Amino acid sequence: MEQIKCVIVGGPQHGLVLRRLWDQHRPAPLCITALDGEPCTAAARRHDEGMGTRYLLLHPRATGEQILTMLAA
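Enquirer: Just to check I follow, could you spell out the confidence of the model for the chain for this structure?
Expert: The predicted coordinates ought not to be read in detail in places where the model reports low pLDDT. Predicted confidence across the chain gives a mean pLDDT of 87, with 99% of residues reaching 70 or more. Strand β3 (residues 31-33) holds the highest mean pLDDT among the elements of the chain, 90, whereas strand β2 (residues 17-22) holds the lowest, 85.

Following this line, the structure appears as structure tokens:
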């Protein structure tokens, strides 16, 4: 198990950073339910030295601008 950071892109929790324990050998994909009940699924993974692994979790109503902004951050 490793600790990862998850950043939600779009929806009511846009920009929220969550820390979760994650087992990479788990058969199910990474998914978190937003406050509005919509599933936010992993769309991108980034590994930064010293910061660990960061996942972008995409809300179904995320805009292209929101996605590009979070990818650049």
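Next comes the rest of the account.
Enquirer: Is there a simple way to explain the environment of Arg46 in this structure?
Expert: Positionally, Arg46 belongs in strand β4 (residues 39-48). Separated by 24 residues in sequence, Arg46 and Met70 place their C-alpha atoms 11 Å apart. Apart from the residues within four sequence positions on either side, Arg46 is in contact with Gly52, Thr53, Arg54, Leu71 and Ala73.

Enquirer: Explain the side chain of His59 to me, please; I cannot follow it from the model alone.
Expert: Turning to its location among the elements, His59 is positioned in the loop between β5 (52-58) and α1 (64-72). Classification of His59 by relative accessible area gives buried; the value is 2%. Apart from residues lying up to four places away in sequence, His59 is in contact with Val9, Gly10, Gly11, Pro12, Ala34, Asp36, Glu38 and Cys40.

Enquirer: Is there a simple way to explain the pattern of salt bridges in this structure?
Expert: A side chain with one charge may pair with a side chain of the opposite charge, provided their charged atoms come close. Applying the stated criterion across every chain yields a total of two salt bridges. Between Asp36 and Arg61 there is a salt bridge, with the nearest N and O atoms lying 2.6 Å from each other. Here Arg61 lies in the loop between β5 and α1 and Asp36 lies in the loop between β3 and β4, a separation of 25 residues in the sequence. What makes Asp36 partly exposed here is its relative accessible area of 32%. With a closest N to O distance of 3.7 Å, Glu38 and Arg61 form a salt bridge. Placement of the pair is Glu38 in the loop between β3 and β4 and Arg61 in the loop between β5 and α1, with a sequence separation of 23 residues. Its relative accessible area of 27% is what places Glu38 among the partly exposed residues.

Each value, and the rule that gives it
- Residues numbered from 1 in each chain as written.
- Predicted model: local features only at pLDDT ≥ 70, side-chain atom pairs only at ≥ 80, totals over all residues.
- Heavy atoms only, no water.
- pLDDT = per-residue confidence, 0-100.
- Helix = DSSP H or I, 4+ residues; strand = E, 2+ residues; numbered from the N terminus.
- Contact = heavy atoms within 4.5 Å.
- Buried < 20%, exposed > 50% of the residue type's maximum accessible area, 1.4 Å probe, protein only.
- Salt bridge = Lys/Arg side-chain N within 4 Å of Asp/Glu carboxyl O.

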